[in-house]
Structure formats: structure tokens, C-alpha cells
Amino acid sequence: TTPLSLPTMLVSAATPVGTASLKGEALASAARWVLQTAVPLSSDIGVPVSDFWAALGTMAALAAKKGGERALWQWWPFVGEWWRALLAQGAKQKSAEFIFVGVVSKLADRQKDVYSK
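Residues numbered from 1 in each chain as written. Predicted model: local features only at pLDDT ≥ 70, side-chain atom pairs only at ≥ 80, totals over all residues. Heavy atoms only, no water.

Our next topic: the environment of L107. Among the secondary structure elements, L107 is positioned in helix α6 (residues 93-115). On the basis of relative accessible area, L107 is assigned to the partly exposed category, the value being 27%. In this structure the C-alpha to C-alpha distance between L107 and E69, which are 38 residues apart in sequence, comes to 8.2 Å. Apart from residues no more than four positions distant in its own chain, L107 is found in contact with W53 and E69. (Helix = DSSP H or I, 4+ residues; strand = E, 2+ residues; numbered from the N terminus. Buried < 20%, exposed > 50% of the residue type's maximum accessible area, 1.4 Å probe, protein only. Contact = heavy atoms within 4.5 Å.)

Structure below.
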């Protein structure tokens, strides 16, 4: 069976953007809940920072024509707040490498997808 993907469910419920029943404050509240649930702040679980970017990458479909992940950071301040809270937990060496190299690579690779549409 396929594991449950909250970010994918959110995108399905909210697209096409503007015509779906989930929009405005309801969409922002749902997006916050999805991000906080998909990427919990708990050292007991040990959620890797790459999970944050995987969730955000899926949710970027909500802003595909407006800048993807970058648009989500601009629309919803809680995205940056959650990222900072995740980083404040500390990172192991593998996570640190992803933070300094992987995030930049991931965003650079996505630019061709975001701006070619």
C-alpha cells in the first residue's frame, strides 16, 4: 500500500487554486496543519530536515505558476517559522550536509520546473 501523504492530499483538495473549496484562510490553516503534522518537531522521532523539503516540494504545486516553494514562504510566514524551529533542534552531520548543499541544489533544480511553465 502507498503511505498516506498529507501534502499530496492538501494539493488535491486545493487545486485548481481559486476554484477549489479550500482557499484563503482555510487553505492557510490546512497548510500549516499539514506541514506541522508531516514534519513534527520532535527529537524523539528524529525527522530529517529533508522531510520538510519533501513536504514543501509537494505543496509547491499550490503555487506552481507563482514561484513554487518560494511563493509558499512569501504567502505563509509559518513556513519559515517551522523551518527555523526545525533547525533549532540541531542537526546531525548528514542533515547539516543536506542543509548546506542539498537545499540549494534542490531549489536550483526546481527553478527550471517552476519557471518553464
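Quick look at the packing of aromatic side chains now. Enumeration according to the criterion identifies seven aromatic pairs in this entry. Both rings, one in F52 and one in W83, keep their centres 5.0 Å apart while their planes meet at 35°; by these two values the pair is tilted. Pair noted here: F52 is in helix α3 (residues 49-59) and W83 is in helix α5 (residues 77-88), with a separation of 31 residues, a long-range link. Across the pair, exposure class does not vary: F52 and W83 are buried alike. Ring centres of W76 and F78 lie 5.6 Å apart, and the angle between their planes is 15°; on these two criteria the pair is classed as stacked. For the residue pair W76 and F78, the accessibility class agrees, reading buried in each case. (Phe/Tyr/Trp six-rings, centres within 6.5 Å; stacked < 30°, edge-to-face > 60°.)

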